Amino acid sequence: MALFPLTCQILSLPSPPFHHTSKTQSPPFLNHQFTPDTSKHRLQFSLHRTLLKTQIRCAADTGSGSRNWEKWLPKNVFSADKVLRLIAGATSSPICQFISSPTTFLHTVDPRIKLAWLLALVLLPARSNILMRFGLVIYLAVLSVWVLPKEVWMDQLGRVSLLSGILFIMLGLGTDGAPPLVQLRSPPPALIGLPNIPASLEGYSYVVMKLGPLQLTRKGLSVASTSACLTFTVFQSASLCLTTTTSEQLANALQWFMLPLTKIGVPVAEVILTLLLSLRFINLVFDEVRNVALGIVSRRINWQQLTFMETIDVFFMYIRRIFKNIFSHAEQISQAMIVRGFRGDSNAHKIYFSSDSSIGMPDILSLLCLVGLIGATSVSKYMC
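What counts, and at which threshold
- Residues numbered from 1 in each chain as written.
- Predicted model: local features only at pLDDT ≥ 70, side-chain atom pairs only at ≥ 80, totals over all residues.
- Heavy atoms only, no water.
- Patch = residues over 30% accessible without salt bridge, like charges linked within 9 Å, V, L, I, M, F, W, Y side chains within 5 Å.
- Areas by Shrake-Rupley, 256 points an atom, 1.4 Å probe, with all protein chains shown as cover.
- Salt bridge = Lys/Arg side-chain N within 4 Å of Asp/Glu carboxyl O.
- Helix = DSSP H or I, 4+ residues; strand = E, 2+ residues; numbered from the N terminus.
- Buried < 20%, exposed > 50% of the residue type's maximum accessible area, 1.4 Å probe, protein only.
- Core = buried A, V, L, I, M, F, W, Y, C linked by side-chain atoms within 4.5 Å.
- Contact = heavy atoms within 4.5 Å.
- Axes fitted to C-alpha atoms, helices over the stretch in contact; angles between N-to-C directions.
- Parallel < 35°, antiparallel > 145°, perpendicular 65-115°, else oblique.
- Nonpolar A, V, L, I, M, F, W, Y, C, P; charged D, E, K, R; others polar.
- pLDDT = per-residue confidence, 0-100.
- Phe/Tyr/Trp six-rings, centres within 6.5 Å; stacked < 30°, edge-to-face > 60°.
- Expected span 1.5 Å × (residues − 1).

Novice: Please clarify how a nonpolar patch on the surface should be interpreted in this entry.
Specialist: On the surface, Leu119, Val122, Leu123, Leu163, Val234 and Phe235 cluster together into a nonpolar patch covering about 520 Å² of accessible area. Secondary-structure elements contributing two or more residues to the nonpolar patch are α4 (111-127) and α7 (218-243). The topology assignment puts Leu119 in helix α4. Relative accessible area serves as the criterion here: at 54%, Leu119 is assigned to the exposed category.

This is how it looks when you write it as structure tokens:
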């Protein structure tokens, strides 16, 4: 509740009539009677009635005051209801949720080949030219539209494209955007009698585009395209892999690659168990974030009547509830593992993976496309 300063006023109120009767008696040793001056006493009593009979009246002051600090706080800076609805909508299709149907050719590709593709898509944008970078982005976008359901790829491509676009603009205009204020040490050629340097016949220009005081140069374009394309490929390739591959298949594929590291003392079994639990736990995190947000939205809180501090308090309660539910799920998972015989030794704990590891035609085609992509990237780097 808002606290308003109190304005206190001292009001003089008329006192009830005061009747003073002075009656004195002379001491027994005095023979005459003493009579007091009543006019002087009346003047003193009237003064007491005016000064001592007061009442303090306090009223709430809602005007401008030194302590009325809440009116200076920003109100309705953002709509809390819209933020919670965006959170609930963003987590409706989490990035790591496995989609079993409709079954596509990407579901049948061996998970080890998928991991090889993921590694290549992380390394290739930094090693290729700008045409290959945008070609990888278009390829992943088309593959997402082909493989994923409509409501999933529209949501994911929209958010990843927005993030990559903002990153491209910020880095493109900010890397080499402000022109350096330099002065040549040598005088211009016209002052010393030398001809001017002829312009380039090929039309090379370091500055690609100018936007007011900012400019997009070749260096900024290279940095922005690399960062934006790498962000898009990392997020979207991980989404394609996780939506078409189960957690057990990914853990089995990673164990196959890391198996030689056991000879040098790497705890492969512990890493695989941690990965498997993490992939299972991320779904619970997305569910809790969405469920708590939907619970707050369904209560139809009148956010216009809340102050700024009360809105912040609601969001703190939202975050506290999420962590409380997540810790509760973590405790349930640990108890379930203890019941199933886990005693802290990852090597002794048996993990049952899928034994289907046959190489089919989709796997061969995927390997050929990967080899062709690596070759095209290497050739394009020397051509440009």
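Novice: What should I look at first to understand the nonpolar core in this one?
Specialist: Nonpolar side chains in soluble globular proteins tend to end up buried together. One finds Trp117, Phe232, Leu240 and Leu373 to be the most contacted residues of the largest nonpolar core, which totals 23 residues. The biggest single contributor to this core is helix α5 (residues 130-147), with six residues. The contacts of Trp117, once residues within four sequence positions are left out, are Tyr139, Ser366, Cys369, Leu370 and Leu373. By size, the runner-up hydrophobic cluster in this structure holds 14 residues, among which are Leu84, Ala88, Val289 and Ile296.

Novice: Help me understand the environment of Leu259, please; the structure alone is not making it clear to me.
Specialist: Mapped onto the secondary structure, Leu259 falls in the loop between α8 (247-258) and α9 (268-298). Assessed through its relative accessible area of 49%, Leu259 is described here as partly exposed. For the pair Leu259 and Ala269, spaced ten residues apart in the sequence, the C-alpha separation amounts to 9.1 Å.

Novice: What should I look at first to understand the packing of α4 against α7 in this one?
Specialist: The description of two helices packed together rests on the angle between their axes and the distance between the axes. Running from N to C, α4 and α7 cross one another at 170 degrees; their axes reach a closest spacing of 8 Å. It follows from the interaxial angle that α4 and α7 lie roughly antiparallel. Side by side, α4 and α7 meet where Lys114, Leu118, Leu121, Val122, Pro125 and Ala126 of the first sit next to Thr226, Leu230, Thr233, Val234, Ser237, Ala238 and Cys241 of the second. Classifying every residue of the contact of α4 with α7 gives nine nonpolar, three polar and one charged.

Novice: I would appreciate a short explanation of the confidence of the model for the chain in the present structure.
Specialist: Per-residue confidence for the chain gives a mean pLDDT of 75, with 69% of residues at or over 70. Within the chain, the lowest mean pLDDT, 46, falls on strand β1 (residues 6-12), and the highest, 90, falls on α5. Contacts of residues 58-67 to residues separated by more than four positions or lying in other chains number 14 contacts, the stretch itself having pLDDT below 50.

Novice: I would appreciate a short explanation of the packing of aromatic side chains in the present structure.
Specialist: Each aromatic ring pair is characterised by the separation of its centres together with the angle its planes make. Following the criterion strictly, the structure yields four aromatic pairs and no others. A ring pair is formed by Trp256 and Phe257, whose centres lie 5.0 Å apart and whose planes are at 80 degrees; its orientation type is edge-to-face.

Novice: Whenever I open this one, helix α6 (residues 150-174) confuses me. Can you help?
Specialist: One turn of an α-helix holds 3.6 residues; hence residues three or four places apart share an orientation. Taking 1.5 Å as the rise per residue, α6 with 25 residues should run 36 Å; its terminal C-alpha atoms sit 36 Å apart, in good agreement. Val152, Asp155, Gln156, Leu157, Val160, Ser164, Gly172 and Leu173 are the residues of α6 that are buried.

Novice: I tried to follow the pattern of salt bridges on my own but got confused; where do I start?
Specialist: Think of it this way: side chains of opposite charge can pair up when their charged atoms draw near. A complete count under the given rule lists three salt bridges for this structure. The salt bridge partner of Glu248 is Arg280, with a shortest N-O separation of 2.1 Å. Here Glu248, found in helix α8, pairs with Arg280, found in helix α9; they are 32 residues apart in sequence, far enough to count as distant. Using a relative accessible area of 47% as the deciding quantity, one classes Arg280 as partly exposed.

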